[in-house]
Amino acid sequence: MTIRDEQLVADLKALRKGRGILAGSITARVGDALRTATGTHGVEHAVEVRRRVAECLWRWAGELPDDLRIAVRAAFALDQTDQLPLYKDRVRLVAERLNRDERTARRRIDEGIERLAEVARSGAPLTEFHPAEPVPGWHTEELRVTLALDQPTPEAFEFRRIVADHDRIEHVDLAITLTAPLGANGPARTDDLEIDVFHGGRLTAREMESTDRFGFRLTLPKPLRRHESHQIGLRFKIRPDRTMAPHYVCVPKHRCAEFDLRVRFDVRRPPERIWRLVNAFQRDVDDPQPRGETIPLDASGEIHTSFHELTPGLAYGIRWHRTTGTGGS
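Anyway, here's the lowdown on the structure attached to this text.

Here is what the cut-offs are and how they apply
- Residues numbered from 1 in each chain as written.
- Predicted model: local features only at pLDDT ≥ 70, side-chain atom pairs only at ≥ 80, totals over all residues.
- Heavy atoms only, no water.
- Buried < 20%, exposed > 50% of the residue type's maximum accessible area, 1.4 Å probe, protein only.
- Helix = DSSP H or I, 4+ residues; strand = E, 2+ residues; numbered from the N terminus.
- Contact = heavy atoms within 4.5 Å.
- Pairing = 2+ DSSP bridges.
- Axes fitted to C-alpha atoms, helices over the stretch in contact; angles between N-to-C directions.
- Core = buried A, V, L, I, M, F, W, Y, C linked by side-chain atoms within 4.5 Å.
- Salt bridge = Lys/Arg side-chain N within 4 Å of Asp/Glu carboxyl O.
- Phe/Tyr/Trp six-rings, centres within 6.5 Å; stacked < 30°, edge-to-face > 60°.

What follows concerns helix α5 (residues 66-75). For α5, a buried count of 10 out of 10 residues is recorded, marking the element as mostly surrounded by other parts of the structure. Listed in full, the buried residues belonging to α5 are D66, D67, L68, R69, I70, A71, V72, R73, A74 and A75. Looking at the buried residues of α5, the elements they touch are α4 (46-61), α6 (87-98) and α7 (102-122). Of the residues flanking the end of α5, it is A77, one or two places downstream, whose phi is positive at about 60°.

Before going further, it helps to spend a moment on the sheet that holds strand β10 (residues 273-280). Reading across from one edge, β8-β12-β10 is the order of the three strands in this open sheet, with antiparallel pairing throughout. Only two strands of the sheet have a single neighbouring strand rather than two, namely β8 (247-250) and β10. In this sheet, neighbouring strand axes are inclined to one another by 15° on average, regardless of whether the strands run parallel or antiparallel. In this sheet, strand β12 (residues 315-321) lies alongside β10 in antiparallel orientation, the contact comprising six bridges.

Tracing the chain through its elements places V119 in helix α7. Its relative accessible area of 19% is what places V119 among the buried residues. The spatial distance from the C-alpha of V119 to the C-alpha of E63 is 7.4 Å, given a sequence separation of 56 residues. Not counting the four nearest positions on each side in its chain, V119 is found in contact with W60, E63 and L64.

In this section: the nonpolar core. Across soluble globular proteins, you tend to see nonpolar side chains buried next to one another. Formed by 82 residues in total, the largest nonpolar core has its most connected members in L57, W60, F76, L116, F259 and I318. Here this core gets eight residues from one element, more than from any other, and that element is α4.

Moving on to the pattern of salt bridges. Tallying each qualifying case throughout the model produces 25 salt bridges. Here R16 makes a salt bridge to D110, at a shortest N to O gap of 2.7 Å. One end of the pair, R16, is in the loop between α1 (5-15) and α2 (26-29); the other, D110, is in helix α7, and 94 residues separate them in sequence. Assessed through its relative accessible area of 13%, R16 is described here as buried. Using a relative accessible area of 26% as the deciding quantity, one classes D110 as partly exposed. Notably, a salt bridge pairs R276 with E293, separated by 3.9 Å at the nearest N-O pair.

A few words on the packing of aromatic side chains. Across all of its chains, the model carries five aromatic pairs by this definition. The interplanar angle of 35° and the centroid separation of 6.2 Å between the aromatic rings of F157 and F198 together place this pair among those described as tilted. Here the residue F157 occupies a position in strand β2 (residues 155-164), and F198 occupies one in strand β4 (residues 193-199), the gap between them amounting to 41 residues. By relative accessible area, which is 22% here, F157 ends up partly exposed.

Structure follows, in structure tokens:
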């Protein structure tokens, strides 16, 4: 079947109503164009149709700008934090996350859906369509990070408690971005970052996902059952000659219920100012005109801040400024 963008847009707008991807009678809610794009023609089992469509929508949305990605993922109730029963409630959620009124939120959703159709049609030929990489089946219940900037080389200690959303979760895929100040360093290399596992699994794969993002896989000691929790302890350390941008943020891809951050600065070279970042777009992290709440250092040269129910795709953490030298990311 050959599909046109307008057909796919119409099917997507029909699916976003009510409970979105969680709607009852999902097999009847997915139109022909959307079935073709998601490879679900001939699939009648509701669970499988829902899974494949959700996976495709999640992947397509990942190709969109930050604001449109946030808008469409909430519109279709793709993430656990978006699963409100009424579409109008999810529109209100989008408005809050984008700090816009509801009329603008609806426009962002409509624009995002049109872009989704473009992404779906610009991918692999439909006869070669493969379902998207699935949503991971786990979420972060608690993430605690201690960043030490008073050492010869910055180090971050990460302790993460994950919870399985499905049975037989055997590994977790994670990533960390090592952002450099403008004009410094050049593209990152694999050996620019040391990753040590303190507890909770084995490091079984790592690769450069972009010029500055390190992806890695942690294989768990045993498969997790649904609702089972698991603790992971990691250390990240950069190469001594690698310069890091003056910020540290968490940008969750999926649900993160709690993020606790402690940063220790060198008291001999304290930053002039520290800003707390909440619901920030990733491009705003390096904005030349920082905005937001400022955080004072305590007598030990440390700050402590925490965040609750982070919105996937937005940045949470701190950035700082000093007249000479930078460190930490």
